[in-house]
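Residues per chain, in single letters:
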Amino acid sequence: MIHGIDVASMILGGLSAGTVLFIVSVGLSVTMGLMGFVNLAHGAFAMVGGYVIVLAMNRAHLDFAAALALGFVATAALSVVLERTLYRRLYRAGELDQVLFTIGLIFIFIAATTLAAGPDSQTLQLPPALEGQLDLGFTQYRTYSVFLIAAGALIVSGLWLVFERTRLGAQIRATVDNRRMAESLGINVNRLFTITFAFGSGMAALGGGLGAEFLGLDPQYALKYLVYFLIAVSVGGLGSITGVYVASLLIGTLDFVLKLYLPKGGTMFIYALTILLLLWRPQGLFGRRDI
Amino acid sequence: MTDPATPAAAVVVAPPDRPAAGALARRHRWRWFEALPWIAGVAFYFAFPDYLGFGADLLIAILFALSLDLALGYAGIITLGHAAFFGAGAYTVGLLAYHGIWTEPISSLAVAALAAAAIGFASGVVLLRTRGLTLLMLTLCTMALLQEAANMAHDVTGGFDGLPSLPIAPVFGRFDFNPLYADTQYLFSLGVLAACFLVVRRLVYSPFGQSLAGIRENLLRMHAVGAPVQRRLLVCYTISAAIAGIAGGLWAQANAYVNLSALDLDRAATVLIILILGGYGRLYGAFVGAVAYMLLSHFLAEVYPTAWQLGLGIMLVTIALFARNGILGIGEALWRRLRRRRAA
């Protein structure tokens, strides 16, 4: 079985899984970096978005792009409402309260999803243009995976440009580095946080929809992959776009390869590597030391 | 009652004009309501003979939450991976019994405590240097690592299926663990809980416990006054792990099986919820929280699982936003208001 899969397709498979991980986690990284808020419910936004996207396609027969846009907007809107009404109250609270609050949110989301769409897993029907195989010159691979990798590269470049070249990006970077100083300089940190929170949740929604094809989509989604999202964020370093991207691709590829070679205990190595890395660099690969 | 381990013992006879000193000196004394849980525990045995299995589970949940209270409530170590130690204890008892090495329950629990303490110590040496999100992630990953290891060592641990029908020897060579009628399980759990509670209670009122509270409240200041912060945290974490291991071992004995759910994120989250629901850092939060949670989950979760999840979520959000000290905190606030009104 192993010999049947060549290295190129193994890496492509891993990269596409890593891309989905990145799209979901990037918002979490930035919001955690900005506010130091431990938002365990981030995966729940990915789940809600995934459901909106899949149900919009299956029941309302929207096309893929329109469904993705709808999922992004709907989830971002929901997250703004939650941020304005509930999250806001806990910014100055301890981690314990934040953990408890977001675990509670996860349960509420799981129950609401079960009530709204039933406990069964939803399947994503890919548009015909993204099905089948694509000839890349050196190898044949699934069109959808190649599409995911390309989309991920596009997104990370776009985000990088926003972060490095715009006023908003500079404000975000400044706040991640030193929130008090940024506030003293007149940066409206609350507004900044609302914007990034909404955008990050929208991205998570896209990730939920794009990844539904191989991660599946059921009410337990928010808990099932929580550890992976958190690992991607903490390994990459809080508030670092490139960090999350590299970490996600690494984890995705490692997971994919290990699952082939060691179907039983592959994930163990990811946990062990994460522990070692965090002991060596508690701030993650690309994080600043003094947060 | 003189207590040489308590510094306040020297000023037990505080003059009436120094109420603060008096309150400090009396802090560690037994109060009348501290008998209530134990009276309720014994009464439960006679009142609900058909629910002793559930009762044993409840007692084990209390013990597990109590162990977390020591680490989280007193020392302020915020962990998402406390089930690692519960699972370590459960698997120690399970492996010893399943492979026919050792089935005597009390000494098995001691071995379980040692095994869990060893893991707590080894992980604590490295983990406790970190704080915040990193600490959360490291505890979470340690637990996930143990779970994967238990899953992978299929030949020894039974992997996903776990170890079924463990042969557990009778307690004191006389009282059998009967799977159909759980009276031994219940009374044994009650006894173990009482013993562990005495240890924890003694510990948190000792100077050691006071310094833990100091570390929780102000880490920098404790460093500044020269307290051996790291060592205190490590000792506390190890003891907490040992008690969690006892809870896990007890769980394995009472149910006569072990499986991967002992090491689940679900279990770690549940114990956290129980403790915070009851109120952390106050010894009896574990009792109140476990009773409230287990009753609700036992009677609601089976009939309306979705409604239970929704209700649990709303409850957690409400507690995090409005009632940070849990049920006991609410009770205390009410009591204080009542007394003030009476005094006025």
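What you see is a predicted model; the values in this text were computed from it and never measured.

Participant: Please clarify how the overall build of chain B should be interpreted in this entry.
Facilitator: On a plain count of helices and strands, chain B comes out with 15 helices and 0 strands. Over its C-alpha atoms chain B spans a radius of gyration of 21 Å, differing by no more than 12% from the 20 Å that the globule rule assigns to 344 residues. Principal axes of the C-alpha set define a box for chain B whose edges measure 65 × 45 × 45 Å. For chain B, buried positions account for 52% of its 344 residues.

Participant: Help me understand the packing of helix α13 (residues 285–300) of chain B against helix α14 (residues 305–322) of chain B, please; the structure alone is not making it clear to me.
Facilitator: The relative placement of two packed helices is expressed as an angle between their axes plus a distance between the axes. All names here are of chain B. Viewed as axis vectors pointing N to C, α13 and α14 meet at an angle of 155°, and their least axial separation amounts to 9 Å. Our classification of the angle between α13 and α14 gives roughly antiparallel. Note on element contacts: α14 touches α13 through Pro305, Trp308, Leu312 and Met315, opposite Tyr293, Leu296, Ser297 and Leu300. In the contact of α13 with α14, the residues fall into 7 nonpolar, 1 polar and no charged.

Participant: For this particular structure, what's the right way to read the interface of chain B and chain A?
Facilitator: How big an interface is tends to be expressed through the accessible area that disappears when the partners come together. Contacts between the two partners involve 41 residues from chain B, matched on the other side by 41 residues from chain A. Both faces considered, chain B and chain A share a buried interface measuring about 3700 Å² in area, 83% of it formed by carbon and sulfur atoms. Across the contact surface, chain B and chain A share 0 salt bridges. At the boundary of chain B with chain A, the tally comes to 2 residue pairs in polar contact (both at pLDDT 80 or more). Residue assignment for the side of chain B that touches chain A shows that the elements contributing at least two residues are α6 (132–152), α12 (265–278) and α14 of chain B.

Participant: Would you mind showing me how to read α6(B) here?
Facilitator: Within an α-helix, residues lying three or four positions from one another point in the same direction, as the helix has 3.6 residues per turn. Across its 21 residues, α6(B) extends 30 Å between first and last C-alpha, which sits within 8% of the 30 Å expected from 1.5 Å per residue. The buried fraction of α6(B) amounts to 15 of the 21 residues, a majority that puts the element mostly inside the structure.

Participant: Could you clarify how one ought to interpret the confidence of the model for chain A in this entry?
Facilitator: Interpreting fine coordinate detail is not advised for predicted regions of low pLDDT. Put simply, chain A has an average pLDDT of 87, and 96% of its residues get 70 or more. Mean pLDDT values for the elements of chain A range from 80 in strand β1 (residues 133–135) of chain A up to 94 in helix α3 (residues 64–85) of chain A.

Participant: Help me out: how do you make sense of the pattern of salt bridges in this one?
Facilitator: Two side chains carrying opposite charge are able to pair once their charged atoms lie near each other. Residues and elements named next belong to chain B. Following the criterion strictly, the structure yields 10 salt bridges over all chains and no others. One salt bridge in this structure joins Arg336 and Glu332, with 3.6 Å as the shortest N-O distance. Linking Arg336 with Glu332, this pair stays in helix α15 (residues 326–343), spanning 4 residues, or about one helical turn. Owing to a relative accessible area of 48%, Arg336 belongs among the partly exposed residues under this scheme. For Glu332, a relative accessible area of 37% corresponds to the partly exposed category. Here the salt bridges share partners, and the residues they tie into one network are Arg31, Glu34 and Arg201.

Participant: Please explain the packing of aromatic side chains as it appears in this structure.
Facilitator: Pairs of aromatic rings are described using the distance from one ring centre to the other and the angle between the two planes. Applying the stated criterion across every chain, the model contains 31 aromatic pairs over all chains. Their ring planes at 45° and their centres at 6.5 Å tell us that Tyr221(A) and Phe229(A) sit as a pair that is tilted. This pair shows no difference in class: Tyr221(A) is buried, exactly as Phe229(A) is. Here the aromatic cluster, defined as three or more aromatic residues joined through ring pairs, consists of Phe37(A), Phe45(A), Tyr87(A), Tyr91(A), Phe101(A), Phe109(A), Phe193(A) and Phe197(A). The ring of Trp280(A) carries Arg281(A) above its face, with NZ or CZ at 5.9 Å from the centroid. One cation-aromatic arrangement involves Arg201(B) over Trp30(B); the distance from NZ or CZ to the ring centre is 3.8 Å.

Participant: Quick question: what am I supposed to make of unusual backbone geometry here?
Facilitator: Peptide bonds are mostly trans, and most non-glycine residues show a negative phi. Residue and element names in this part refer to chain B. Phi at Ala256 takes a positive value of approximately 60°, unusual for a residue other than glycine. Checked against the element boundaries, Ala256 lands in the loop between α11 (229–255) and α12. Here the phi dihedral of Leu283 falls at roughly 60°; this positive angle occurs in a residue that is not glycine. For Leu283, the location among the structural elements is in the loop between α12 and α13.

Participant: Quick question: what am I supposed to make of the side chain of Asn39(A) here?
Facilitator: All names here are of chain A. Tracing the sequence through the fold places Asn39 in the loop between α1 (7–35) and α2 (42–58). A distance of 3.1 Å separates a polar atom in the side chain of Asn39 from the backbone nitrogen of Ala41. There is a polar contact of 2.9 Å between the side chain of Asn39 and the side chain of Tyr87. Apart from the residues lying within four places of it in its own chain, the contact partners of Asn39 are Leu28, Met32, Phe45, Tyr87, Thr102 and Phe197.

Participant: Help me out: how do you make sense of the state of the cysteines in this one?
Facilitator: A covalent bond between the sulfur atoms of two cysteines is what we call a disulfide. Here the structure, examined in full by the defined rule, presents 0 disulfides over all chains. Take Cys236(B): it sits in no disulfide, and the sulfur closest to it among the cysteines is that of Cys196(B), at 15 Å.

Participant: When you look at the nonpolar core in this model, what are you seeing that I'm missing?
Facilitator: It is characteristic of soluble globular proteins that their nonpolar side chains tend to be buried jointly. By size, the foremost hydrophobic cluster in this structure holds 204 residues, and its most contacted members are Phe22(A), Leu40(A), Tyr87(A), Phe101(A), Ile231(A), Leu63(B) and Leu283(B). Excluding its chain neighbours within four sequence positions, the residues that come into contact with Leu40(A) are Val99(A), Thr102(A), Ile103(A), Ile106(A), Leu226(A), Leu230(A) and Leu80(B).

Participant: Before we go on, may I ask you to explain the environment of Ser16(A) in this structure?
Facilitator: All names here are of chain A. Its location among the elements puts Ser16 in helix α1. In this structure the C-alpha to C-alpha distance between Ser16 and Ala150, which are 134 residues apart in sequence, comes to 8.9 Å. Those residues in contact with Ser16 that sit more than four places away from it in its chain are Ser145, Leu148, Ile149 and Phe214.

Participant: Just to check I follow, could you spell out empty space enclosed by the protein for this structure?
Facilitator: Picture a little ball the size of a water molecule; that probe, rolled over the atoms, points out where space is still empty. All names here are of chain B. Counted under the stated rule, the structure contains 1 cavity of 30 Å³ or more. Of the volumes computed, that of the largest cavity is approximately 30 Å³. What lines the largest cavity is Gly76, Ile77, Leu128, Arg131, Leu135 and Leu233. Its residues assigned to classes, the lining of the largest cavity shows 4 nonpolar, 1 polar and 1 charged.

Participant: Would you explain the packing of α12(B) against α13(B) in this entry?
Facilitator: Residue and element names in this part refer to chain B. Contact pair α12 / α13: the axes reach a minimum separation of 7 Å and the direction vectors enclose 115°. The angle between α12 and α13 places the two elements in the roughly perpendicular class. Two packed elements cross with a definite hand, and for α12 against α13 that hand is right-handed. Taken together, the residues of α13 that come into contact with α12 (itself represented by Thr270, Ile273, Ile274, Leu275, Leu277 and Gly278) are Gly285, Ala286, Val288, Gly289, Ala290, Ala292 and Tyr293. Residues belonging to the contact of α12 with α13 are distributed by class as follows: 9 nonpolar, 4 polar and no charged.

Participant: Got a minute to help me understand α13(B) in this structure?
Facilitator: Spanning 16 residues, α13(B) covers 22 Å between terminal C-alpha atoms, matching the ideal 22 Å at 1.5 Å per step. Contact partners of the buried residues in α13(B): α2 (36–47), α3 (52–74), α8 (183–204), α12, α14 and α15 of chain B.

Participant: I tried to follow the side chain of Gln122(A) on my own but got confused; where do I start?
Facilitator: Residue and element names in this part refer to chain A. Tracing the backbone shows Gln122 in the loop between α4 (95–117) and β1. Under the relative-accessibility criterion, Gln122 is labelled buried at 12%. A distance of 3.5 Å separates the side chain of Gln122 from the backbone oxygen of Ala117, its partner in a polar contact. Apart from the residues within four sequence positions on either side, Gln122 is in contact with Tyr51, Val54, Leu55, Ala117 and Leu217.

Participant: Please clarify how a nonpolar patch on the surface should be interpreted in this entry.
Facilitator: On the surface, a nonpolar cluster with roughly 440 Å² of combined accessible area is contributed by Phe48(B), Tyr51(B), Val291(B), Leu295(B) and Phe299(B). Relative to the helices and strands, Val291(B) is located in helix α13.

Rules used in this analysis
Residues numbered from 1 in each chain as written. Chains lettered and ligands numbered in written order. Predicted model: local features only at pLDDT ≥ 70, side-chain atom pairs only at ≥ 80, totals over all residues. Heavy atoms only, no water. Helix = DSSP H or I, 4+ residues; strand = E, 2+ residues; numbered from the N terminus. Rg over C-alpha atoms; globule rule 2.2 N^0.38 Å. Buried < 20%, exposed > 50% of the residue type's maximum accessible area, 1.4 Å probe, protein only. Axes fitted to C-alpha atoms, helices over the stretch in contact; angles between N-to-C directions. Parallel < 35°, antiparallel > 145°, perpendicular 65-115°, else oblique. Contact = heavy atoms within 4.5 Å. Nonpolar A, V, L, I, M, F, W, Y, C, P; charged D, E, K, R; others polar. Buried area = accessible area lost by both parts, 1.4 Å probe. Salt bridge = Lys/Arg side-chain N within 4 Å of Asp/Glu carboxyl O. Polar contact = N/O pair within 3.5 Å; in protein donor to acceptor, adjacent residues only side chain to side chain. Expected span 1.5 Å × (residues − 1). pLDDT = per-residue confidence, 0-100. Phe/Tyr/Trp six-rings, centres within 6.5 Å; stacked < 30°, edge-to-face > 60°. Lys NZ or Arg CZ within 6 Å of the ring centre and 35° of its normal. Disulfide = S-S within 2.5 Å. Core = buried A, V, L, I, M, F, W, Y, C linked by side-chain atoms within 4.5 Å. 1 Å grid on protein atoms, 1.4 Å probe; cavity = no way out; pocket = protein on both sides within 12 Å on 5 of 7 lines; lining within 4 Å. Points joined across faces, edges and corners; volume = space filled by probe spheres on them. Left-handed = near helix turned anticlockwise from the far one by under 90°. Patch = residues over 30% accessible without salt bridge, like charges linked within 9 Å, V, L, I, M, F, W, Y side chains within 5 Å. Areas by Shrake-Rupley, 256 points an atom, 1.4 Å probe, with all protein chains shown as cover.

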